[in-house]
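Chain by chain, the residues run as shown.
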Amino acid sequence: MFTSIHSMCKLYHFKFIALLLPLVALFSSCKNEFKSNDYMAYFGGEIVNPNNPYVLFCKDNEVLDTIKLDKNNRFFIQFDSLAPGLYSFKHEPEYQYVYFDKNDSIMVRVNSKDFDASVVFCGRGDQKNNFLMEQFLKNEKDKNNMFPVFEYDVPRFIKTIDSSYRVAQRFYTSRKEQIKWSDEFDEYAKASVDFPNYSKKELYPLIHKIRTGKEIYDNLPATFYDFRKKVNCNNVALAAYTPYIMYLSHMLNNMGAINYHNHFSEADLALKTNINKLNIADTLIKNEKIKNIILNNIAFTYLLEDQNMVNNKSFLTTYHKYSTDKSQKNEILKIGNAIQLLTVGNTLPEVSLIDTNGTIVSSKNFTNQKTVLFFWTTHAMSHFEAVHKKIEAFAKNYPNYKFVGVNINDATEEWQKTISQYNFKGITELHCANFDELKDNWVITKIHRTIILGDNGVIKNAFTNVFELNFEEELK
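Computed from a prediction, not measured in an experiment: that's the story for all the values here. (Residues numbered from 1 in each chain as written. Predicted model: local features only at pLDDT ≥ 70, side-chain atom pairs only at ≥ 80, totals over all residues. Heavy atoms only, no water.)

1. Some details on the packing of helix α6 (residues 154-179) against helix α7 (residues 183-212)
Phase 1 of the analysis: Two elements in contact, α6 and α7, have axes whose closest approach is 11 Å; the angle formed by their N-to-C orientations is 175°. By the angle class used here, α6 and α7 are roughly antiparallel. The segment α6 lies against α7, with Val154, Phe157, Ile161, Asp162, Ser164, Tyr165, Ala168, Gln169, Tyr172 and Lys176 engaging Asp186, Ala189, Lys190, Val193, Asp194, Asn197, Tyr198, Lys200, Lys201 and Tyr204. (Axes fitted to C-alpha atoms, helices over the stretch in contact; angles between N-to-C directions. Helix = DSSP H or I, 4+ residues; strand = E, 2+ residues; numbered from the N terminus. Parallel < 35°, antiparallel > 145°, perpendicular 65-115°, else oblique. Contact = heavy atoms within 4.5 Å.)

Okay, here's the thing in structure tokens:
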């Protein structure tokens, strides 16, 4: 893998020759040029098949710079002073990490059509960043192959993931010896190997129960979760690093699970389980920054899955007791307020959509009749086809309803091209003109969501799913 990336880098340098020539002398003599108190750094690259004309350079999820692409889809920025550490670059809707040591000069090439798999770094500081990308891709491949493994009995599961972990550790050790990266970077490198493995163990009993119907907790060895003793739940350096945050979330899902679930309704079980997670997070995590991130993750997931208004209010009361994030940017506050506006009997908040003629259509147009709104994207084509076939069947049986498919996360041209290749009947196709508006007003954060409007276009159910068993009952 390293050899292939090295070869790609050589090709990449040729593609960037015009951009790099003015900088070659500087890059090649940086040991002489940079002073001990000089934190100058460079970041640039090329976006193949760009989705938009800019790249965002971020730190801890805050945008530091918006870098415009030139006519050749290249970008470049010089930082007069850049503190060493983990950053990210975003070409929405995708992002990846980039780590800067002092005076690094990093170039990256990305194809937005296959974002993660296409990322290649070159320049001073490239090797450690290519390690993170290689490990990320290994983790993604491993994750995609894990679901059958979660069905294994305990001894086979442990043997399988321990073997995989040893392979990852050997790769990490060999690259660390070759590159000789800094101790600061090593924290991220090691985290990229350790936390995906820890997450598998946290997920195992939960997913095993879902896939096999069997409880496995009592069969786990007493030492199964001993690795938790090594985890620092208050590691500020990793607060914005996904493998770490995902692990803490999986751990809390596991620790917060309620096994005597037959005592509660499904809605009450979800409420009690998620309040349990909030309580455990408050006990284990003392660092305010990390705690707020984890509390927001718990709340974000819960509020989108359970739409019992009474339970939501109870959950948010506990959330607000523990969270100190009162900023205007707090998505949970926005979601909580937006959900209240989507209560049964309310009018659907207005958003702007675009029809196939390029005309802006107001959602107020749906207020005069019964309507079903569903969502799709070309990034999930199997869902696109399945949901359209399902809706097409409903359209035949319920002619008193208008069925509207809303495309999200696609360029207008891609949306039009896709629907032109199909001939679904009884469906009005619209395109999201402003996804932030849609997300904020209708709380749309995933495509598996359907909104039903009843008589006079008022909300009948704003949080359902066309694939739910009782969905058709709601149309009657």
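2. Examining the pairing of strand β14 (residues 450-453)
Phase 1 of the analysis: Side-chain alternation along β14 places Thr450 and Ile452 on one buried face and Ile451 and Leu453 on a second face that is also buried.
Phase 2 of the analysis: Direction of pairing for strand β11 (residues 370-376) relative to β14: antiparallel, over a ladder of four bridges. In the sheet register, Thr371 faces β14, and the bridge partner there is Leu453. (Buried < 20%, exposed > 50% of the residue type's maximum accessible area, 1.4 Å probe, protein only. Pairing = 2+ DSSP bridges.)

3. Re the sheet that holds β11
Phase 1 of the analysis: Strand order in this open sheet of seven strands is β10-β9-β13-β12-β11-β14-β15, and the pairing throughout is mixed. Both outer strands of the open sheet, β10 (360-362) and β15 (459-464), are each paired with one neighbouring strand and no more. Each adjacent strand pair in this sheet contributes to an overall mean axis angle of 30°, direction not counted.
Phase 2 of the analysis: Taken together, the two bridges between strand β9 (residues 352-354) and strand β13 (residues 427-432) define a ladder with antiparallel strand orientation. The partner of Ile354 across the bridge, within β13, is His431.
Phase 3 of the analysis: Contacts from helix α14 (residues 412-420) reach β9, β11, β12 (401-407) and β13 within the one sheet, and its direction differs from that of β13 by about 165°.
Phase 4 of the analysis: Against the sheet, helix α15 (residues 435-442) touches β9, β11, β13 and β14, its axis set at about 125° to β11.

4. Comments concerning the sheet that holds strand β5 (residues 85-91)
Phase 1 of the analysis: Strand order in this open sheet of four strands is β3-β2-β5-β6, and the pairing throughout is antiparallel. Every other strand in the sheet has two partners, leaving β3 (62-68) and β6 (94-100) as the edge strands with one partner each. Neighbour to neighbour, the strand axes of the sheet diverge by 25° on average, direction disregarded.
Phase 2 of the analysis: Helix α5 (residues 126-144) rests against β5 and β6 of the sheet, and its axis sits at about 140° to β6.

5. Quick look at the environment of Pro53
Phase 1 of the analysis: Counting through the fold element by element, Pro53 comes out in the loop between β1 (41-48) and β2 (54-59).
Phase 2 of the analysis: Spatially, the C-alpha atom of Pro53 lies 9.3 Å from that of Lys71, the residues being 18 residues apart in sequence.
Phase 3 of the analysis: For Pro53, the contacting residues outside a window of four places in its chain are Ile67, Lys68 and Leu69.

6. So, the packing of aromatic side chains
Phase 1 of the analysis: Taken as a whole, this structure holds 40 aromatic pairs when the rule is applied.
Phase 2 of the analysis: Ring pairing ties together the aromatic residues Phe147, Phe150, Phe157, Phe195, Tyr198, Tyr204, Phe224, Tyr225, Phe227, Tyr244 and Tyr247, which thus form one cluster.
Phase 3 of the analysis: Across from the ring centre of Tyr152, 3.6 Å away, lies the NZ or CZ of Arg156, which sits over that ring.
Phase 4 of the analysis: If you follow Lys201 out to its NZ or CZ, it ends over the ring of Phe224, 5.4 Å from the centre. (Phe/Tyr/Trp six-rings, centres within 6.5 Å; stacked < 30°, edge-to-face > 60°. Lys NZ or Arg CZ within 6 Å of the ring centre and 35° of its normal.)

7. Comments concerning the confidence of the model for the protein
Phase 1 of the analysis: On average, residues of the protein carry a pLDDT of 87, and 90% of them reach 70 or more.
Phase 2 of the analysis: Between residues 1-35, whose pLDDT stays under 50, and residues either more than four places distant or in other chains, the model counts 49 contacts. (pLDDT = per-residue confidence, 0-100.)

8. Details of the environment of Thr283
Phase 1 of the analysis: By the secondary structure assignment, Thr283 is in helix α9 (residues 266-284).
Phase 2 of the analysis: Relative accessible area serves as the criterion here: at 54%, Thr283 is assigned to the exposed category.
Phase 3 of the analysis: Side-chain polar atoms of Thr283 contact the backbone oxygen of Asn279, separated by 3.0 Å. (Polar contact = N/O pair within 3.5 Å; in protein donor to acceptor, adjacent residues only side chain to side chain.)

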